[in-house]
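Commentary on secondary and tertiary structure
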Amino acid sequence: VALLQKWKCLMVKIKLDLSDPNLLKADQIMEQRENKKARRSYLGMSGAGNCARQIFYNFRGVQAKPFNAKTLKNFASGHRAEPVMIDRIRQVHGLQVVAVDPNTGKQLGVSDFDGHFLGHLDFEILGLAQAPKTWHVGECKETAEKKLQEFRRIKDKVGEKQTLKAWNENYYAQHQLYMKYRRRKRGWLVVASAGVRDWDSCRTDYNKDDADYYTDKARQIIYEPERIPDRISDDPTFFKCGWCDYKTVCFEGEQPQRNCRTCVYGKPDTGGKWLCQKHDKHLTRNEQDIGCGDQRYLTSLINGSVIDVTGSSITYQLHDGQWTDNGEDYG
């Protein structure tokens, strides 16, 4: 047993020693470069099917963790796969594919709530063999081979039109919202394995009730910050909670980051802008992330009840005593 343990330790050491320092450095440079970019300041329709509290935390900048190299590479791979899929689809005679808004020369986009709720379509398509006279909103997704096989099993079991909702609610929500705002009655999703080596698709019908549900969910998150949405589960071991970036804030009481989006004075304004009501000025996303000494938490972010407001101080009754928010850390 002792020899086996020694051998395992040696193998771990050898594995670590074989890491290529050049590739590690390349990953570090990518992380530094990409994480310096300003994060999106709007609520994206592409994430509308996620846990409502997770969306709220993300929109409010509660815990802006940097992306690691693996995640950034996944993003980049997905972005590269989209034009490959669209180009191959374009080769089919009789298909009319529109991926650029002729009025703006940019990607097809939809928005609501003063520009704080946005989405960008991959394309729209007319001439599909299944319904040649019907325009469809189109989306391309690259996924793991295992997920593609799961997609096919679900499609065989429940039928094409029910596949997307059963397979991935987030993509389903995105589809419903795009259909709503583009006034289309059908959606077409193309799913491909890594490198677009294999692919499949499904069509989805527009469901007004579902689309309105996701729209109302976004409206509350944007305009009602004093109402923190319910968790998707109250069990921290639930699989979707286990890998969530906000688990420590949501379940363990970790202090949210202080910035202009977690502040009582921060407010979504017209034109997608962010207004500081304390200093009466619009802020860039970078300015919002930096914040200032006048920041006071949104009361919904504190797990306690407000017992006093004096000047710029807010006092809470927490489970282990009182705490006054004067712009300082807990304690």
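The notes below deal with the structure included here. Every value quoted in this text rests on a predicted model; they were computed, and no experiment measured them.

Moving on: the environment of Ala81. In this fold, Ala81 is placed in helix 4 (residues 69–90). A relative accessible area of 3% means that Ala81 is categorised as buried. In this view, Ala81 contacts Glu142 and Val196; residues no more than four positions away in its chain are not counted.

Strand order in the open sheet formed by five strands is 2-5-6-7-8, with mixed pairing between adjacent strands. Each of the sheet's edge strands pairs with one partner strand only, and the pair in question is strand 2 (96–98) and strand 8 (199–205). Here the strands of the sheet are splayed against their neighbours by 30 degrees on average, with no regard to which way each runs. Inspection of the sheet shows strand 5 (residues 123–126) paired to strand 6 (residues 136–143) by three bridges, in the antiparallel sense. Note that in strand 6 the partner of Ile125 across the bridge is His136. Strands in contact with helix 4 are strand 2, strand 5, strand 6, strand 7 (186–193) and strand 8; relative to strand 6, the strand with the most contacts, it is inclined by about 130 degrees. Docked against the sheet, helix 5 (residues 145–158) engages strand 6, strand 7 and strand 8, running at close to 45 degrees with respect to strand 8.

What follows is about the packing of aromatic side chains. Each aromatic ring pair is described using two quantities: the centre-to-centre distance and the angle formed by the ring planes. According to the stated counting rule, one finds twelve aromatic pairs in the structure shown. Aromatic pair Phe123 and Trp188: ring centres 6.2 Å apart, planes at 80 degrees, arrangement edge-to-face. Of this pair, Phe123 sits in strand 5 while Trp188 is found in strand 7, placing the two residues 65 residues apart along the sequence. With a relative accessible area of 0%, Phe123 lands in the buried category. Residue Trp188 is classed as buried on the basis of its relative accessible area of 9%. Taking 5.1 Å as the distance between ring centres and 80 degrees as the angle between the ring planes, the aromatic pair formed by Phe151 and Trp167 counts as edge-to-face.

With a phi angle near 60 degrees, Arg183 is a residue other than glycine that sits in the positive phi range. Within the fold, Arg183 resides in the loop between helix 7 (169–182) and strand 7. Accessibility expressed as a relative area gives 76% for Arg183, which makes it exposed.

Turning to the pattern of salt bridges, a few remarks are in order. Close approach of charged atoms allows side chains with opposite charge to pair. Tallied over the full model, the rule gives 21 salt bridges. A salt bridge links Arg152 to Asp198; the nearest nitrogen and oxygen atoms lie 2.8 Å apart. Here the residue Arg152 occupies a position in helix 5, and Asp198 occupies one in the loop between strand 7 and strand 8, the gap between them amounting to 46 residues. Its relative accessible area of 26% is what places Asp198 among the partly exposed residues. For Arg219, the salt bridge identified is with Glu224, shortest N-O distance 2.7 Å. Residue Arg219 is classed as partly exposed on the basis of its relative accessible area, which comes to 30%.

Moving on to the pairing of strand 3 (residues 109–112). Judged from the four bridges that link them, strand 3 and strand 4 (residues 117–120) form a sheet pairing that is antiparallel. The residue bridging Asp112 from the neighbouring strand is Phe117, located in strand 4. Taking the residues between adjacent antiparallel strands as the criterion, strand 3 and strand 4 are bridged by four residues, where Phe113 takes a positive phi near 55 degrees.

Strand order across the open sheet formed by three strands is 12-13-14, with antiparallel pairing between neighbours. Each end of this open sheet is capped by a strand with a single partner; those strands are strand 12 (305–310) and strand 14 (321–325). Strand-to-strand twist in this sheet, taken as the mean axis angle between neighbours without regard to direction, amounts to 25 degrees. Bridge count for strand 13 (residues 313–318) against strand 14 is five bridges, and the pairing is antiparallel. Residue pairing for strand 14: Ile314 is matched across the bridge by Asp325.

Calculation criteria
Residues numbered from 1 in each chain as written. Predicted model: local features only at pLDDT ≥ 70, side-chain atom pairs only at ≥ 80, totals over all residues. Heavy atoms only, no water. Helix = DSSP H or I, 4+ residues; strand = E, 2+ residues; numbered from the N terminus. Buried < 20%, exposed > 50% of the residue type's maximum accessible area, 1.4 Å probe, protein only. Contact = heavy atoms within 4.5 Å. Pairing = 2+ DSSP bridges. Axes fitted to C-alpha atoms, helices over the stretch in contact; angles between N-to-C directions. Phe/Tyr/Trp six-rings, centres within 6.5 Å; stacked < 30°, edge-to-face > 60°. Salt bridge = Lys/Arg side-chain N within 4 Å of Asp/Glu carboxyl O.

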